[in-house]
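Each chain, written out:
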Amino acid sequence: MTFDANLQRVAKVAALLEETTDPTEFAAAMQEINANPESMGSLVAMQFVRDAVRGNPTPDLQYTEAIMQYIADAEAKPAADEKNDK
């Protein structure tokens, strides 16, 4: 499977995280999960990241902290790389 195809699958499932999802998007997301049960893992991971970014505690606070540290490290890396390039 190509990266683009995988991204499209994840995008379909991500529709379930929206505050409002129209019936067509909901049906497409559920079909994707039924056809590819591993997509549920992507959905759970996206929900954990979304909760962490919004400051909502996840069932495992250490998981939230790990997500936030990953984001902080990812944001710091381009700044450090840019500084080293100068």
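This is a predicted model, so every value here is computed, not measured.

Reading guide: rules and limits
Residues numbered from 1 in each chain as written. Predicted model: local features only at pLDDT ≥ 70, side-chain atom pairs only at ≥ 80, totals over all residues. Heavy atoms only, no water. Helix = DSSP H or I, 4+ residues; strand = E, 2+ residues; numbered from the N terminus. Buried < 20%, exposed > 50% of the residue type's maximum accessible area, 1.4 Å probe, protein only. Contact = heavy atoms within 4.5 Å. Areas by Shrake-Rupley, 256 points an atom, 1.4 Å probe, with all protein chains shown as cover. Salt bridge = Lys/Arg side-chain N within 4 Å of Asp/Glu carboxyl O. Patch = residues over 30% accessible without salt bridge, like charges linked within 9 Å, V, L, I, M, F, W, Y side chains within 5 Å. pLDDT = per-residue confidence, 0-100. Expected span 1.5 Å × (residues − 1).

Draft legend 1. Layout of the overall build of the protein. Secondary structure assignment for the protein yields 4 helices and 0 strands. Reading the secondary structure of the protein in the N-to-C direction produces α-α-α-α. Counting all 86 residues of the protein, 19% fall into the buried class. Restricting the contact set of the protein to residue pairs at least 6 apart, pairs at least 24 apart contribute 35%. Total accessible area on the protein is roughly 6500 Å²; 58% of this is exposed by carbon and sulfur atoms.

Draft legend 2. Layout of the environment of Ala 66. With respect to the secondary-structure elements, Ala 66 resides in helix α4 (residues 61-85). When the C-alpha positions of Ala 66 and Val 49 are compared, they lie 9.9 Å apart, and in sequence the two are 17 residues distant.

Draft legend 3. Spatial organisation of the pattern of salt bridges. This structure, assessed with the given rule, holds 2 salt bridges. Notably, a salt bridge pairs Glu 32 with Arg 9, separated by 2.9 Å at the nearest N-O pair. Separated by 23 residues along the polypeptide, Glu 32 in helix α2 (residues 23-35) and Arg 9 in helix α1 (residues 3-14) bring together distant segments of the chain. When sorted by exposure, Glu 32 lands in the same class as Arg 9, which is buried.

Draft legend 4. The arrangement of the side chain of Ser 39 in detail. Tracing the sequence through the fold places Ser 39 in helix α3 (residues 39-54). Using a relative accessible area of 4% as the deciding quantity, one classes Ser 39 as buried. Apart from the residues lying within four places of it in its own chain, the contact partners of Ser 39 are Arg 9, Val 13, Glu 32 and Ile 33.

Draft legend 5. Looking closely at a nonpolar patch on the surface. Together, Val 49, Val 53 and Met 68 make up an exposed nonpolar region whose accessible area comes to about 230 Å². Position of Val 53 relative to the elements: it lies in helix α3.

Draft legend 6. How the structure looks around the confidence of the model for the protein. With 85% of its residues at a pLDDT of at least 70, the protein reaches an overall mean of 79. Per-element mean pLDDT across the protein ranges from 74 in α4 up to 89 in α2.

Draft legend 7. Up close: α3. Over its 16 residues, α3 runs 23 Å from end to end, which matches the ideal 22 Å to within 8%, given 1.5 Å per residue. Every buried residue belonging to α3 is among Ser 39, Leu 43, Arg 50, Asp 51 and Ala 52, and all of these are buried. A positive backbone phi angle near 85° is found at Gly 55, which sits one or two residues after α3.

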